[in-house]
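Listed here are the chains, written in short residue letters.
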Amino acid sequence: MSLVNLNTKEVHCKIVYYGPGLGGKTTNLQYVYQKISGGSGKPIINIDGDNERTLFFDFLPLELGEIRGFKTRFHLYTVPGQAFYEASRRLVLRGVDGIIFVADSQLDRMEANLESLEDLQKNLKEHGYKAENVPIVFQWNKRDLPNIAPTNKLQEKLNKWNAPSFEACAISGQGVFETLKTMSKLVLMNLRGGIHKPSEGRV
Ligand SMILES: Nc1nc2c(ncn2[C@@H]2O[C@H](COP(=O)(O)OP(=O)(O)O)[C@@H](O)[C@H]2O)c(=O)[nH]1
Ligand SMILES: [Mg+2]
């Protein structure tokens, strides 16, 4: 699904931050942007539709290097979580190479996490993607707050595929790059081919 540009010798990969509204997706992106904006990051672009808003920007992760002489370029997207933005959540998954599911660790958001995960699976299916072929990484966000679910509970309820997962506090940046780096590695493994096994850590 990645886009290959033969002229510039670049491979473009699309990573989508998915999850319930107010879970911390935008905060993740803002933190990443802050940290890399001195380098090759481009400004975050807000695309405003009628009422809808999608955030995206791209960057070149230096430490990931090249595949057969092609530079790897990652585009990070996030989507609005509210129920009425259904259409844009579906659209943003077109051509997706990997998903970071940002779960809100607060006990009273468990239901919202579950709903969003179901929504994700449904939308992937509607694009004709086999859910098990799309790499996913889970992020248990807001670990700094009181009244949060223990991580084993989050694992059990949400991460049925035993995909990689990280605890995070997106406002301080804890866990943000760990999540993204693991995601990038999974996407690159997929690109290089051969290593992909549907039974391993994939939704
Ligand atoms: N305490 C705490 N607040 C967070 C954390 N991550 C995000 N937030 C806050 O949660 C709210 C929603 O975050 P946002 O990134 O807009 O969520 P989105 O709807 O998933 O994009 C904002 O007020 C953030 O500052 C976190 O790890 N801990
Ligand atoms: Mg947001």
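So, here is what we can say about the structure in this document. (Residues numbered from 1 in each chain as written. Chains lettered and ligands numbered in written order. Predicted model: local features only at pLDDT ≥ 70, side-chain atom pairs only at ≥ 80, totals over all residues. Heavy atoms only, no water.)

## A closer look at the site of ligand 1
For clarity, the cut-off: Being near a molecule or strand, for a residue, means having at least one of its heavy atoms within 4 Å of it. By the criterion applied in these results, polar contacts are pairs of N or O atoms within 3.5 Å in which, for protein atoms, one can donate a hydrogen and the other can accept it, and in which residues neighboring in sequence qualify only through two side-chain atoms. Only the protein chains shown count as cover for residues, with accessible areas throughout obtained via the Shrake-Rupley method and a probe of 1.4 Å. Residue polarity is assigned by list, with Asp, Glu, Lys and Arg as charged and Ala, Val, Leu, Ile, Met, Phe, Trp, Tyr, Cys and Pro as nonpolar; anything else, Gly included, falls into the polar class.
What surrounds ligand 1 is a group of 15 residues, the closest being Leu22, Lys25, Thr26, Thr27 and Asp144. Between an oxygen atom of ligand 1 and a main-chain N or O atom of Gly24, the distance comes to 3.0 Å. In this structure, Lys25 approaches ligand 1 through a side-chain N or O atom, which is 2.8 Å from an oxygen atom. Here ligand 1 has 580 Å² of accessible area as a free molecule, and 73% of this is covered by the chains. Of the residues in the shell around ligand 1, the class split is six nonpolar, six polar and three charged.

## Considerations on unusual backbone geometry
Note the threshold: Only DSSP runs of H or I covering at least 4 residues are called helices, and only runs of E covering at least 2 are called strands; the numbering of each starts at the N terminus.
Despite not being glycine, Leu22 has its phi angle at roughly 70 degrees, a positive value. Structurally, the position occupied by Leu22 is in the loop between β2 (10-18) and α1 (25-36). Phi at Asn147 takes a positive value of approximately 55 degrees, unusual for a residue other than glycine. Counting through the fold element by element, Asn147 comes out in the loop between β8 (136-141) and α4 (151-158).

## Thoughts on the pairing of β8
Every regular strand shows the same layout, with side chains that alternate between the two sheet faces. Quick reminder of the rule: Accessibility here uses a 1.4 Å probe with only protein chains present; expressed as a share of the type maximum, an area under 20% marks a residue as buried, one over 50% as exposed, and anything in between as partly exposed. One bridge is not enough; two strands pair if DSSP finds at least two bridges between them. The handedness of a crossover follows from its direction of travel: if, with the strands pointing away from the viewer, the path from the first strand over the helix to the second runs clockwise, the crossover is right-handed.
Buried residues dominate β8, accounting for six of its six residues. Neither face of β8 is exposed, since Ile136, Phe138 and Trp140 on one face and Val137, Gln139 and Asn141 on the opposite face are all buried. As paired elements, strand β7 (residues 98-104) and β8 share six bridges and run parallel to each other. Among the inter-strand pairings, Val102 is bridged to a residue of β8, identified as Gln139. Of the crossover connections in this fold, the one passing from β7 over helix α3 (residues 110-126) to the parallel β8 is right-handed.

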